[in-house]
Every structure is written in structure tokens, then in C-alpha cells.
Amino acid sequence: MITNRFFWVFILSFLMGGNVYAKNCTKGKACGNTCIARSKECHVGSGSSSNSSSDYSSPRRSRRKKSSNTYTPTASYTSPRKSFSSNTLEDQENKKKSPVTISAVVSCILNSDTLGTNKKGHKKISLYGIDAPEEDQPFGKEAKDFFEKKVFKKKIKEKVYDKKDDGTDIALVFAGGKNINELMIKAGYAWVYQPSCDESFCDDWVRYEEEAKAQKKGLWGGSGRIAPWIWR
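Below: a short report on this structure. (Residues numbered from 1 in each chain as written. Predicted model: local features only at pLDDT ≥ 70, side-chain atom pairs only at ≥ 80, totals over all residues. Heavy atoms only, no water.)

Regarding the state of the cysteines
Link 1 in the chain: Overall, the coordinates contain one disulfide when judged by the stated rule.
Link 2 in the chain: Residue cysteine 197 pairs covalently with cysteine 202 via a disulfide, S to S 1.9 Å. What sets the handedness of the cysteine 197 and cysteine 202 disulfide is the S-S torsion sign, and at about -90 degrees it is left-handed.
Link 3 in the chain: Overall, cysteine 197 belongs to the buried group, its relative accessible area being 8%. (Disulfide = S-S within 2.5 Å. Buried < 20%, exposed > 50% of the residue type's maximum accessible area, 1.4 Å probe, protein only.)

This is how it looks when you write it as C-alpha cells:
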């Protein structure tokens, strides 16, 4: 009898306990401790954290990383540099001063410091670093005659330093192993044209000109001489 009474009391208490601790709630909303309602009825303390985590996950706002205003290059960058041709003024000057030696035979005398040859492409040669009298000025004929005797119909070698606009070579001329430009100075039939004579040997030529003056050689032995760059 006592056993049966105890059994019914236990059953009644269990049923009443469920009602006491139950409450209305919204499905999916947390209620009581860690329980999340699976229906519209939530039992306080009847849930577990493991159940809640498996049934519901709180949505998280995906936050986009703020972009920085600071520019970060994605690749290395080299500022453009202007391309300079190797043919600079200095290179041109060096090229001009690098003499080229050419052999030819003198075919005509054009004036007292310019000759013509039989060499194709090198028909006219003007003597480098000197200026001799024009044929129509005092001592012009004498200077041309001296020049002609030294080179006409002779095989020469020219050491080209530059060219005139018309293609005339500006060169040292050698005949019989002698420097004809230098001979014209020493014989007193030419001036050193210093504005264009800038090689190391030009200092020697100036000295030879002074010696020719002192010894009254060529045009220095008479009167009426005038520098050709003034005559022109």
C-alpha cells in the first residue's frame, strides 16, 4: 500500500515539475540558462550547451577590411631615363681628332694650301692648321710654286683630321717622308692658323713661324704681306 502511494506521488511530482518549469517562448530564441527553444515551449534547465551549439549559430556580420589610402606599389618601378646617344659632342670631337691615313697621288694644285688627287672620294685636300697666301695677293704665287714643287705628281699620304662642308679633307700631308704643312711654315710661306690648330705639335709650328720671321724667309723677307684671313 505504501509502495503504491509512493509510486503515484512520484509520477504526479514529475508531471507537475514539467509544467512548473515550462514557459512559452519563441522558437529559436534562447530561454533559461543555455537552453534554446526547439518548439514554443522551453524547459528551464533542461537544455545543454552541446545541444544549443549544434542547433543554432548566431549570425556574424562579415566585416570588410578597411582599405588604406596609403599607396603601396605592387611592383618595382624605375623612373624613365632619357636615352643619350653615344654620339655626343665629346665623341664627335674625339672622332674628328682620330686621324685616318690615306694614300693618293697628287694630280693638281688648286691653291697654295689645297691640292687635288686621283683618289675617288678624296679628291681635295686642304692643309691642316695653316693658312697660306691666296694666289692674287702678295706672295701668293711664290707660296703656290713652293707647294707645287713639294707635292705635284707625287705619291702622298694624308692624315685626315676633319672635313669641310664640300667634302674637302682637312689633313696633314706627307710626301717623301716629310710633313708638307710643317715645311710651308718653316719656309716662310704660310701662317699657323691658331683658331683651328689645336694639336700638340701646333706649339712647335708657332715656334717655326717665329724662326722664319727672324730669318726673313719667304713672305717674311719682303713687304706688303697680309694674312689671308684678313685679305679675304
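Focus: the nonpolar core
Link 1 in the chain: Within the largest apolar cluster, 33 residues are counted, with the highest numbers of intra-cluster contacts made by Leu115, Phe147, Val151, Val173, Met184 and Trp205.
Link 2 in the chain: Counting only elements with at least two residues in this core, the list comes to strand E3 (100-111), strand E5 (124-127), helix H4 (140-151), strand E7 (155-163), strand E8 (169-175), helix H5 (180-186) and helix H6 (202-214).
Link 3 in the chain: Among the elements that take part in this core, E8 stands out by supplying five residues, more than any other.
Link 4 in the chain: Not counting the four nearest positions on each side in its chain, tryptophan 205 is found in contact with Tyr128, Gly129, Ile130, Leu172, Asn179, Asn181, Glu182, Ile185, Val192 and Cys197.
Link 5 in the chain: Core analysis: the second largest hydrophobic core is formed by six residues, Phe139, Trp191, Ala212 and Leu219 among them. (Core = buried A, V, L, I, M, F, W, Y, C linked by side-chain atoms within 4.5 Å. Helix = DSSP H or I, 4+ residues; strand = E, 2+ residues; numbered from the N terminus. Contact = heavy atoms within 4.5 Å.)

Some remarks on the pattern of salt bridges
Link 1 in the chain: As enumerated under the stated definition, the model contains eight salt bridges in all.
Link 2 in the chain: As a salt-bridge pair, glutamate 210 and lysine 213 come within 3.6 Å of each other at their nearest N and O atoms. Linking glutamate 210 with lysine 213, this pair stays in helix H6, spanning three residues, or about one helical turn. (Salt bridge = Lys/Arg side-chain N within 4 Å of Asp/Glu carboxyl O.)

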